[in-house]
Amino acid sequence: AVVSTQSGHYGRGMTCHKKYKIRKKVREHNKKLAKTLKNSVTKKRKIDGKVPNLAPFKEELLLEAIQQTQLKNDEKKLRKKTKLPIIVTNKKPDTPKVAAPKSVSAHITLSQCDILLWVIDIRNVNECLCTDFDKTIKEANKTIIFLLNKIDLVPSNIVKKWYGILSTRAPTFVMKSTEIILTECEQIVPALKQVLAKFGGAKPILAYLKNTYTEATKIGVIGTKTVGKSCVVSTLLKCCGRTKAKRSVDTKLNENLRLVTTPGLIEMERSGVLNVMDNLSQYMNYPSQVLVALSEHITKEAAMFHFTLPHYNHPDGLLDALAVRYNLYFEKLPDHAAVGRLILKLLRDAKLKFYVDETEEDTAQADIPADMMLDVKRFLYEGDALRITASDLNIVIVKKEKKKKGSDMDIDEEEEEEMGSEEEGEDDDGSNDDDEMS
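This is a predicted model, so every value here is computed, not measured.

Reading guide: rules and limits
Residues numbered from 1 in each chain as written. Predicted model: local features only at pLDDT ≥ 70, side-chain atom pairs only at ≥ 80, totals over all residues. Heavy atoms only, no water. Helix = DSSP H or I, 4+ residues; strand = E, 2+ residues; numbered from the N terminus. Buried < 20%, exposed > 50% of the residue type's maximum accessible area, 1.4 Å probe, protein only. Contact = heavy atoms within 4.5 Å. Areas by Shrake-Rupley, 256 points an atom, 1.4 Å probe, with all protein chains shown as cover. Lys, Arg positive; Asp, Glu negative; His and termini not counted. Salt bridge = Lys/Arg side-chain N within 4 Å of Asp/Glu carboxyl O. Pairing = 2+ DSSP bridges.

Before we go on, may I ask you to explain the overall build of the chain in this structure?
Scanning the chain from N- to C-terminus turns up 17 helices and twelve strands. Within the chain, buried positions represent 33% of all 438 residues. Sequence-distant contacts, at least 24 apart, represent 74% of the contacts inside the chain between residues at least 6 apart. If you sum the accessible surface of the chain, you get close to 30,800 Å²; carbon and sulfur atoms cover 53% of it.

I tried to follow the side chain of Asp335 on my own but got confused; where do I start?
Relative to the helices and strands, Asp335 resides in the loop between strand S10 (333-334) and helix H15 (336-348). Nearest to the buried, unbridged Asp335 among oppositely charged side chains is Arg341, at 4.8 Å. If near-sequence neighbours (up to four positions away) are discounted, Asp335 is found in contact with Ala323, Leu328, Tyr329 and Phe330.

Before we go on, may I ask you to explain the pairing of strand S5 (residues 217-223) in this structure?
A regular strand places its side chains on the two faces of the sheet in alternate fashion. Summarising burial for S5: six of the seven residues are buried, a large majority. Sheet topology note: the strand S2 (residues 115-121)/S5 ladder contains four bridges and is parallel. Counted as the bridge partner of Leu116 is Gly220 from S5. Where S5 lies against strand S7 (residues 257-260), three bridges are found, and the strand directions are parallel. Residue pairing across strands places Thr217 opposite Leu257, the latter belonging to S7. Two strands pair when backbone bridges link them, and S5 and strand S8 (residues 264-265) are joined in this way by two bridges, in the parallel orientation. Residue pairing for S8: Ile222 is matched across the bridge by Gly264.

Here it is in structure tokens:
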């Protein structure tokens, strides 16, 4: 409420109607002022250039300038539409870029090289050795050197055992190779290079080659699938300080020694654990059948120790025991497929270490030389791994037949036809009886 004083003036308050009316008038006034200012501003005249008004031929000069600007604008539009190629005066000759193959046939490396470094995955030695290719090497009078790779994935007693067996056939070395490139700090400081390097066993091989072969010789690397051939090549190059030499076909290790950087692949059929690891994407579709074949070549004590299982019926009850152990069920029944996939992933990620040994466990072990042991000792595994007693698993894959659409309908129609024929037969018998009675 508005309170009026004696003098007739208003007090503190003001009606809302009057307040909003004043605001509206102010807005309209400001809008009108802005409009008048906008119309009153005079536009600046365009300057014709630096040509003065009193200069002769002024109009002709201005026309020439306008024509030149129009030509430039037209050229810009054409370039945008057509995208004309950039003209280079000193053009270099085009060299075709050909990707270097990861591996070639082992017979090619056999013909090119004098010494062959045969890389073997120590987890399954029998699956990596090829007797036919061994005969061809002996017929060609080439020297073989065995390299037992991936020694960090098996117990140390298995390394010594296979070293003793293969060293009787040819010079044998143990190593742990890698593809990881050393940093600049590791290459500059030799102390850090020895401590931080993630490979070992290359120094004894290089020392043996340099001391034994004084004439010009070529060295090649051979082996079966996924045994670490490329890793061995890069490890030997890193040990010589040649980290970027792998791009060339062959590189110098010494004044007399040259290493062929493209390894040779020995093609042979395999049916063991390494074959499963190579074709894991295919065997993941049939995991339970792989595990059934694997359980036949594992002892009950080894399975109970590595999977922490109670007593069970071996080998038929291994899948059920593993399903209970890892709590894998499907519709309240043990899920054998899930168990198989889990075990295959553990083998792939090297969380479950394994090795294949068909020989007797009491086979004599040979001592690895001190210089070789010094370079490899920090990689040796002193624990235990799962022992598989056969290099051939003989996996039997049974594919499930998919039901065709409409098969259930066909069965129902056949049943209905049989039922209809039986009813017709009954009706015929009843009609015959009625005729006899009549």
